[in-house]
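# Structure assessment
Residues per chain, in single letters:
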Amino acid sequence: MLYIENMENHKLGNFTPSEDVAKSLGWTLTRGESEIEQSDLDWGWYEKGFAPMKSDSQKADDLKAVKLREAEELLNAKLAEISAYPRAESESFEVQKSEAAAYLADNGIARAEIPTITGISLGSQVELTELARKIVENAKDFAPVRGLYLGRYKRVRDLLGTANTVAEVEAVDVAAIFAEEAENQTAAMLE
């Protein structure tokens, strides 16, 4: 219980600080004890029962956004764990893979058509054919695990998409989905 200035006929949810303003509006000030609560919309304090509050749907949507951000962060962290490459290099993986596959399919391909791996080969002083083979092998090893984590992210997104209540959203355990044992699932994909 807090001691506050309260105004009769004032159900707007806030308190007018000036007695003169209150009187000019036709409100009568009374002094006494009243319970207050905080709004989860504007974080203002209001007389109990008059604080604007989010609907259950709004609360569920807010929680969905938090859980989706958590899933994105876990996806990025898991992909970073399995790929110790700098971001600039990992962002070029698809280009490297396609250029390496094109080179291995046709060794006579013009270097201008495969600029990324040509540059990597020159800079790293690794023969182009050897580099192309390594890139293709790494892509084969990385793809199933990457796909597994992308699939988990998709599962979280789909579960959140079908959740309508706060309880249903809370039931989506993002951390548990991303912590599932990867070895058995990866092995099953390669069979």
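In what follows, the accompanying structure is described. A quick note: this is a predicted structure, and the numbers were derived from the prediction, not measured.

## Comments concerning the overall build of the protein chain
Looking only at helices and strands, the protein chain has nine helices and four strands in total. Along its sequence from the N terminus, the protein chain presents helices and strands in the succession β-α-β-β-β-α-α-α-α-α-α-α-α. Residue burial in the protein chain is summarised as follows: out of 191 residues, 30% are buried. As displayed, the protein chain has an accessible area near 12200 Å², and 53% of this comes from carbon and sulfur atoms.

## Side note on the nonpolar core
One finds A71, L75, Y149, V156, V172, V174 and F178 to be the most contacted residues of the largest nonpolar core, which totals 15 residues. With five residues, the top contributor of residues to this core is helix α6 (residues 128-162). Apart from residues lying up to four places away in sequence, L75 is in contact with Y149, L150, Y153 and F178.

## What to know about α6
For α6, built from 35 residues, the straight-helix expectation of 51 Å at 1.5 Å per residue is met to within 8% by its first-to-last C-alpha distance of 49 Å. At F142, α6 is deflected by roughly 30°, the largest bend along its length, and proline P144 occurs up to four residues later in sequence. The residue sitting at the N-terminus of α6 and contributing the capping side-chain oxygen is E127; that oxygen lies 3.1 Å from the backbone nitrogen of T129.

## Quick notes on helix α2 (residues 56-82)
One turn of the α-helix equals 3.6 residues, which is why residues spaced by three or four share an orientation. In a regular helix each residue adds 1.5 Å, so 27 residues correspond to 39 Å; α2 covers 39 Å between its end C-alpha atoms and thus fits that length. Elements that come into contact with the buried residues of α2 comprise α6, α7 (166-170) and α8 (174-179).

## Thoughts on the packing of helix α5 (residues 115-124) against α6
Contact pair α5 / α6: the axes reach a minimum separation of 9 Å and the direction vectors enclose 115°. The chirality of how α5 crosses α6 is right-handed. Residues I117, T118, I120 and S121 of α5 touch α6, and the partners they reach there are L128, L131 and I135. Counted by class, the contact of α5 with α6 contains five nonpolar, two polar and no charged residues.

## Here we look at the packing of aromatic side chains
Ring pairs (aromatic) are described by centroid distance and by the angle formed between their planes. Taken as a whole and assessed by the stated rule, the structure comprises one aromatic pair. Relative to F142, the ring of F93 has its centre 6.0 Å away and its plane inclined at 75°; by these criteria the two rings are edge-to-face. With F93 in helix α4 (residues 93-105) and F142 in helix α6, the pair connects residues that are 49 residues apart, well separated along the chain.

## Remarks on the side chain of D40
Here D40 shows up in the loop between β3 (36-38) and β4 (45-47). Despite its burial, D40 pairs with no opposite charge; the closest candidate is K59, at 4.0 Å N-O. For D40, the side chain forms a polar contact with the main-chain nitrogen of K54, separated by 2.7 Å.

Conventions used here
Here the residue numbers are simple positions, counted from 1 along each chain's written sequence. Two thresholds apply to this predicted model, a pLDDT of at least 70 for residue-level local features and 80 or more for giving and counting side-chain atom pairs, whereas whole-chain, interface and lining totals are computed over all residues. Side-chain metrics rest on all non-hydrogen atoms present in the structure, leaving aside hydrogens and water. By definition, any uninterrupted DSSP run of H or I lasting at least four residues is a helix, any uninterrupted run of E lasting at least two residues is a strand, and each is numbered from the N terminus. Three labels apply to residues, based on accessible area from a 1.4 Å probe with only protein chains included: buried if under 20% of the type maximum, exposed if over 50%, partly exposed otherwise in between. The accessible surface values rely on the Shrake-Rupley method and a 1.4 Å probe; as for residues, cover is taken only from the protein chains in view. Working definition of a nonpolar core: buried Ala, Val, Leu, Ile, Met, Phe, Trp, Tyr and Cys residues. They are joined through side-chain atoms within 4.5 Å. Any two residues whose heavy atoms approach within 4.5 Å at even a single point are treated as in contact. Helix span, as expected, comes to 1.5 Å for every residue beyond the first. In this scheme, the bend at a residue equals the angle between the axes fitted to the seven residues that finish there and the seven that begin there. Polar contact is the term for a pair of N or O atoms within 3.5 Å; when the atoms are in protein, one must be able to donate a hydrogen and the other to accept it, and sequence-neighboring residues count only if both atoms are side-chain atoms. Lines are fitted to the C-alpha atoms to define the axes, a helix being fitted only along its stretch in contact, and any angle between axes, read from their N-to-C directions, falls within 0 to 180 degrees. By definition, turning the near helix anticlockwise from the far helix through less than a right angle yields a left-handed crossing, and turning it clockwise yields a right-handed one. Residues are grouped as follows: Ala, Val, Leu, Ile, Met, Phe, Trp, Tyr, Cys and Pro are nonpolar; Asp, Glu, Lys and Arg are charged; every other residue, Gly included, is polar. Only centres within 6.5 Å qualify two rings of Phe, Tyr or Trp (six-membered ring in Trp) as a pair; their planes then separate them into stacked at under 30 degrees, edge-to-face at over 60, and tilted for everything else. When charges are counted, Lys and Arg contribute as positive and Asp and Glu as negative, whereas His and the chain ends are disregarded. In the sections that follow, a salt bridge refers to a side-chain nitrogen of Lys or Arg positioned within 4 Å of a carboxyl oxygen of Asp or Glu.

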